[in-house]
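# Results of the structural survey
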Amino acid sequence: MKLLMAVVKPFKLDEVREALTELGVQGLTVTEVKGYGRQKGQTEIYRGAEYAVSFLPKVKIEVVVDDNQADDAIEAIARSAKTGRIGDGKIFAVDVVGAMRIRTGETGPEAL
């Protein structure tokens, strides 16, 4: 199993969710986060005054998928989150050693 963590622009969340749903991914977790990458934030003007925004709003999507679904899920996230502009985000894949569905006690891929 793989834990996929994707940090994307907030307005792309619905597109990413729909792309994952089409693959048969049944659940995901979304967290509103702030951060910056290579762009180091941005400068904005508010009421005539210029100020720096160091941390930009993003959403972090976490989903656990079976190993045979991981590559397709990564591609679906990348395709649906891409705008072609700086700050599109990142996807991280991490091995998951175990999972358990609390209600039924199912473990491993069956718990997903």
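Residues numbered from 1 in each chain as written. Predicted model: local features only at pLDDT ≥ 70, side-chain atom pairs only at ≥ 80, totals over all residues. Heavy atoms only, no water.

The next point concerns the overall build of the protein. On a plain count of helices and strands, the protein comes out with two helices and six strands. Walking the protein from its N terminus toward its C terminus, one meets helices and strands in the order β-α-β-β-β-β-α-β. Counting the 112 residues in the protein, one finds 27% classified as buried. For the protein, the proportion of contacts with a sequence separation of at least 24, taken over those separated by at least 6, is 73%. (Helix = DSSP H or I, 4+ residues; strand = E, 2+ residues; numbered from the N terminus. Buried < 20%, exposed > 50% of the residue type's maximum accessible area, 1.4 Å probe, protein only. Contact = heavy atoms within 4.5 Å.)

The description of two helices packed together rests on the angle between their axes and the distance between the axes. Direction vectors running N to C along helix H1 (residues 13–23) and helix H2 (residues 67–81) enclose 150°, while the axes themselves pass 8 Å from each other. Classified by the interaxial angle, the pair formed by H1 and H2 is roughly antiparallel. At the point where H1 passes H2, the crossing takes the right-handed sense. On the side of H1, the interface is formed by Glu-15, Val-16, Ala-19, Leu-20 and Leu-23, while H2 contributes Gln-69, Asp-72, Ala-73, Ala-76, Ile-77, Ser-80 and Ala-81. Across the contact of H1 with H2, the residue classes tally to eight nonpolar, two polar and two charged. (Axes fitted to C-alpha atoms, helices over the stretch in contact; angles between N-to-C directions. Parallel < 35°, antiparallel > 145°, perpendicular 65-115°, else oblique. Left-handed = near helix turned anticlockwise from the far one by under 90°. Nonpolar A, V, L, I, M, F, W, Y, C, P; charged D, E, K, R; others polar.)

Let us look at the side chain of Ser-80. Residue position: Ser-80 is located in helix H2. At a separation of 2.7 Å, a polar atom in the side chain of Ser-80 contacts the main-chain carbonyl oxygen of Ala-76. Non-local contacts of Ser-80, meaning those with residues more than four positions away in its chain, are made with Lys-12, Glu-15, Val-16 and Ala-19. (Polar contact = N/O pair within 3.5 Å; in protein donor to acceptor, adjacent residues only side chain to side chain.)

Strand order in the open sheet formed by four strands is E2-E5-E1-E6, with antiparallel pairing between adjacent strands. Because the sheet does not close on itself, it has two edges, and the strands there are strand E2 (29–35) and strand E6 (89–95). For this sheet, the mean angle separating the axes of adjacent strands, direction not counted, is 20°. The strands touched by H2 within the sheet are strand E1 (2–8), strand E5 (56–65) and E6, with E1 carrying the most contacts at an inclination of about 5°. (Pairing = 2+ DSSP bridges.)

Any residue range with low pLDDT should be treated as having predicted coordinates unsuitable for detailed reading. A residue-level look at the protein finds 88% of positions with pLDDT of 70 or above and a mean pLDDT of 89. At the level of individual helices and strands, the protein shows its lowest average pLDDT in strand E3 (residues 42–46), which scores 61, and its highest in E1, which scores 97. (pLDDT = per-residue confidence, 0-100.)

Moving on to the pattern of salt bridges. Under the criterion given, the structure shown has six salt bridges. Residues Lys-2 and Asp-95 are paired through a salt bridge, measuring 2.3 Å at the closest nitrogen-oxygen approach. With a gap of 93 residues between them, Lys-2 in strand E1 and Asp-95 in strand E6 connect regions that are remote in the sequence. For Glu-15, the salt bridge goes to Lys-12, with nearest N and O atoms at 3.1 Å. Note on Glu-15: relative accessible area 38%, which makes it partly exposed. Judged by relative accessible area, which is 9%, Lys-12 ranks as buried. Connected through shared salt-bridge partners, Lys-2, Asp-67 and Asp-95 make up one network. (Salt bridge = Lys/Arg side-chain N within 4 Å of Asp/Glu carboxyl O.)

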